[in-house]
There are 2 protein chains.
Amino acid sequence: MAEIVDISGESSAEPTKTQTLADDVFEQLRTAIVKGELPPGSKINEPQLAAQYGISRGPLREAIRRLEGCKLAEIKANAGARVVSLNDTQAIEIYEIRESLEGLACRLAATRASGDDCARLRALLAQHEQQIRDEDWTQYVQKEGDWDFHYQLVELSGNKRLFNLLCGELYHLLRLFRHQTGSAPSRPEQAFREHHAIVDAIAAGDGELAELLMRRHITGARNTLLDTLADSAAVPSTDSAGEHDEDQSENQIT
Amino acid sequence: MAEIVDISGESSAEPTKTQTLADDVFEQLRTAIVKGELPPGSKINEPQLAAQYGISRGPLREAIRRLEGCKLAEIKANAGARVVSLNDTQAIEIYEIRESLEGLACRLAATRASGDDCARLRALLAQHEQQIRDEDWTQYVQKEGDWDFHYQLVELSGNKRLFNLLCGELYHLLRLFRHQTGSAPSRPEQAFREHHAIVDAIAAGDGELAELLMRRHITGARNTLLDTLADSAAVPSTDSAGEHDEDQSENQIT
DNA sequence: CCAGCTTTAAATGTCAACAATATGGTTGTC
DNA sequence: GACAACCATATTGTTGACATTTAAAGCTGG
């Protein structure tokens with residue numbers, strides 16, 4: 001009854017018969033980072049991780065380079081790699097890009113989506129609504145439901161590169177940031193209404209409206225997040241929006 | 001008198017004292033690909049390239065993984081890497097994303113640009129205008145002038161991630177596509193006027209107008225490109241918009 | 001002459017060892 | 001006691017060799 005959309009970034013066709021070791025480790029590292037098991041800012045120790053995954057440093061280094069490509073790790077020459085740590089400014093930058101890009105996705109989806117596509121979107125929303133009634137309201141946005149919706153929407157745009165960009169990079173970064181700050185969007189009823197309005201606009205073929213509504217939707221989410229951050233930043237006296245503090249947390253997997 | 005803006009993607013501070021071998025080769029490969037010396041679709045032979053650059057296969061493989069991160073190469077397990085080859089559909093997808101993102105850049109620039117910034121943009125345009133009068137009209141858009149303008153504009157947005165995304169990935173892909181198709185945008189006088197209008201809107205602080213104008217500007221460029229493609233595709237009878245033709249051109253650096 | 005299999009070569013994936021660089025602690029001096 | 005230079009250790013960068021897989025060439029039989 002869950003019906004979770006694939007979030008891996010690769011199109012899930014077959015189980016990928018022979019994957020290379022670097023590919024395996026890359027995926028494991030990515031999920032570990034996004035889940036927060038490798039904390040933001042923590043150092044990526046090659047010998048240790050190589051031993052942990054039972055592979056040599058060669059494939060591991062290639063996996064790390066691919067992490068850098070997803071912007072999930074930052075590499076400095078002769079100094080190693082660290083899990084990326086987003087400050088508030090960077091998070092805002094990502095939200096700005098996301099707002100623009102998902103607006104585009106809605107505009108495209110409005111022109112390309114078929115009746116069946118819209119019906120499927122509405123079914124997804126209805127399913128989430130049911131899930132909300134059963135469980136807790138706050139679970140809707142906080143957990144995977146919100147991502148499911150945006151995933152399917154971006155897929156409907158028909159722009160594969162847009163899909164890869166949003167679902168393969170930006171969403172991962174936003175998840176990372178949420179785990180990093182421990183903040184939950186939590187404005188479920190409003191988000192739910194906005195989702196419905198967006199689908200209505202797409203079903204009506206009104207691309208401009210769909211784009212506008214999605215932009216507002218994301219702007220609202222961003223502002224909610226910023227308010228949360230401002231509140232949590234008001235409690236500690238110093239050291240809140242600093243630069244890279246070296247050695248934030250050297251050991252991972254607490 | 002040229003004043004070409006740095007296009008490398010990295011911020012050009014110092015000559016980067018100790019760069020790693022993989023970094024060097026990565027940059028050389030990237031420029032080779034964008035310049036067309038490594039033709040789109042051509043296979044990337046590890047032993048050959050390693051010998052050519054005088055390094056081992058280890059750093060070379062890391063450089064290739066970073067190329068994959070820039071979307072300039074595609075790697076298939078146990079089959080090696082190939083220089084990416086964009087078909088018309090993919091080019092359209094990139095233009096759609098670029099339109100949305102540069103619209104965002106203009107909107108942001110309108111709110112953040114200072115008077116000096118706008119003056120600098122106008123100086124750049126005036127300089128290009130002079131260059132156009134001296135040389136040939138068609139040189140303006142076709143060569144680096146157009147990129148210069150868009151570079152500075154995106155930089156003015158203040159969104160570093162947006163800058164990296166556009167100037168570090170998408171622009172490279174578009175250059176690659178132009179070399180691939182041999183098409184030149186070539187509508188210089190119109191582009192020049194549109195650039196001026198965009199700067200005016202930014203100077204007036206009108207973000208919405210700047211965004212709208214930039215969107216139109218890019219849409220026009222895209223349509224011009226598509227018309228060119230449609231014309232050139234009408235000449236050959238078969239095999240024009242095909243998929244990957246294996247072994248398009250195995251040898252590079254003709 | 002072609003189909004299909006075997007063999008062969010080349011390229012990719014992986015590993016372990018070596019070299020160079022940065023980090024951390026120690027020691028010595030002022 | 002503080003600062004600087006030095007040494008020791010660990011980590012990163014790089015290399016060459018080995019294993020595995022793919023692709024091609026060659027061969028045999030129909």
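Throughout this document, residue positions are counted from 1 along each chain, in the order its sequence is written. Following the order in which they are written, the chains are lettered starting with A and the ligands numbered starting with 1. This being a predicted model, a pLDDT of at least 70 is required before a residue's local features are given, and a value of 80 or more before pairs of side-chain atoms are given or counted; all residues contribute to the totals for chains, interfaces and linings. As a rule here, side-chain values come from all non-hydrogen atoms in the structure, and water together with hydrogens is ignored.

(A) Quick peek at the protein's contact with DNA strand C. Proximity is defined per residue: if any heavy atom of the residue lies within 4 Å of a molecule or strand, that residue is considered near it. Taken together, 18 residues lie around DNA strand C, and T20 and L21 of chain A together with K43, R57 and R61 of chain B are the ones closest in. Backbone atoms, meaning sugar and phosphate, form 70% of the atoms of DNA strand C found within 4 Å of the protein. Polar contacts, as counted here, are pairs of nitrogen or oxygen atoms within 3.5 Å of one another; within protein the pair requires one atom able to donate a hydrogen and one able to accept it, and residues that are adjacent in sequence qualify only if both atoms are side-chain atoms. For DNA strand C, a phosphate oxygen lies 2.6 Å from a polar atom in the side chain of T20 of chain A. Contact between DNA strand C and R61 of chain B: a phosphate oxygen at 2.8 Å from a side-chain N or O atom of the residue. A run of H or I in DSSP becomes a helix once it reaches four residues, and a run of E becomes a strand once it reaches two; helices and strands are each numbered from the N terminus. Contributing elements (two or more residues each) for the surface near DNA strand C: α1 (21-35) of chain A together with β1 (43-44), α2 (46-53) and α3 (57-69) of chain B. For the surface near DNA strand C, the element with the highest residue contribution is α3 of chain B, accounting for 3 residues.

(B) Highlighting the nonpolar core. Ranked by internal contacts, the top residues of the largest apolar core, which has 130 residues, are L101 and I202 of chain A together with L101 and I202 of chain B. Contact between two residues is taken to exist if any of their heavy atoms lie within 4.5 Å; hydrogens are not considered. For L101 of chain B, the residues in contact, after removing those within four places along its chain, are I97, S100 and L101 of chain A together with L162, L165, L166 and L170 of chain B. Note on terminology: a nonpolar core comprises buried Ala, Val, Leu, Ile, Met, Phe, Trp, Tyr and Cys residues joined through side-chain atoms within 4.5 Å. Three labels apply to residues, based on accessible area from a 1.4 Å probe with only protein chains included: buried if under 20% of the type maximum, exposed if over 50%, partly exposed otherwise in between.

(C) Just the interface of chain B and chain A, in detail. In this assembly, 32 residues from chain B lie in contact with 33 residues from chain A. Accessible surface is computed with a 1.4 Å probe, and the buried area is the amount of it that two parts give up when combined, taken over both parts together. In total, about 2,800 Å² of surface goes out of reach between chain B and chain A, with carbon and sulfur atoms giving 47% of it. Any carboxyl oxygen of Asp or Glu that lies within 4 Å of a side-chain nitrogen of Lys or Arg is treated as forming a salt bridge with it. Linking chain B with chain A are 14 salt bridges, by the criterion used here. Measuring nitrogen to oxygen at the nearest pair gives 3.2 Å for the salt bridge that ties K71 of chain A to E169 of chain B. Here chain B is connected to chain A by 19 residue pairs in polar contact (both at pLDDT 80 or more). Counting residues per element, the ones that place at least two in the side of chain B that touches chain A are α3, α4 (88-112), α8 (160-181) and α10 (207-234) of chain B. Sorting elements by how many residues they give to the side of chain B that touches chain A places α4 of chain B first, with 11 residues. For this classification, the nonpolar set comprises Ala, Val, Leu, Ile, Met, Phe, Trp, Tyr, Cys and Pro, the charged set comprises Asp, Glu, Lys and Arg, and every other residue, Gly included, is treated as polar. Of the residues contributing to the side of chain B that touches chain A, the split by class is 10 nonpolar, 6 polar and 16 charged.

(D) Representation of the relation of the copies chain B and chain A in the model. A residue counts toward the fit only if its pLDDT is at least 70 in both copies, and the copies are then superposed by least squares on the C-alpha atoms of those residues. For the match of chain B to chain A, the screw axis carries a shift of 0.0 Å, the RMSD comes to 0.0 Å, and the turn is 180°. Expressed as a symmetry operation, the mapping of one chain copy onto the other fits a two-fold axis. In terms of proximity to the rotation axis, the leading residue of chain B is G69 of chain B, whose C-alpha is 2.1 Å off the axis. Residue by residue, 100% of the interface of chain B is reproduced at the interface of chain A, so both copies engage with the same surface.

(E) Structural view of the packing of helix α5 (residues 115-134) of chain A against helix α9 (residues 188-203) of chain A. Residues and elements named next belong to chain A. Fitting a line to C-alpha atoms yields each axis, with helices limited to the stretch in contact; the angle taken between N-to-C directions then spans 0 to 180 degrees. Direction vectors running N to C along α5 and α9 enclose 165°, while the axes themselves pass 10 Å from each other. Regarding the angle of α5 to α9, the classification is roughly antiparallel. Crossing handedness for the pair α5 and α9: left-handed. For the pair α5 and α9, contact is made by C118, L121, R122, L125, H128, E129 and I132 and by F192, H195, H196, V199, D200, I202 and A203, respectively. Among the residues making up the contact of α5 with α9, the classes are represented as 8 nonpolar, 3 polar and 3 charged. By the definition adopted for this analysis, an angle is roughly parallel if under 35 degrees, roughly antiparallel if over 145, roughly perpendicular if from 65 to 115, and oblique otherwise. In this scheme the crossing of two helices becomes right-handed for a clockwise turn of the near helix relative to the far one and left-handed for an anticlockwise turn of less than a right angle.

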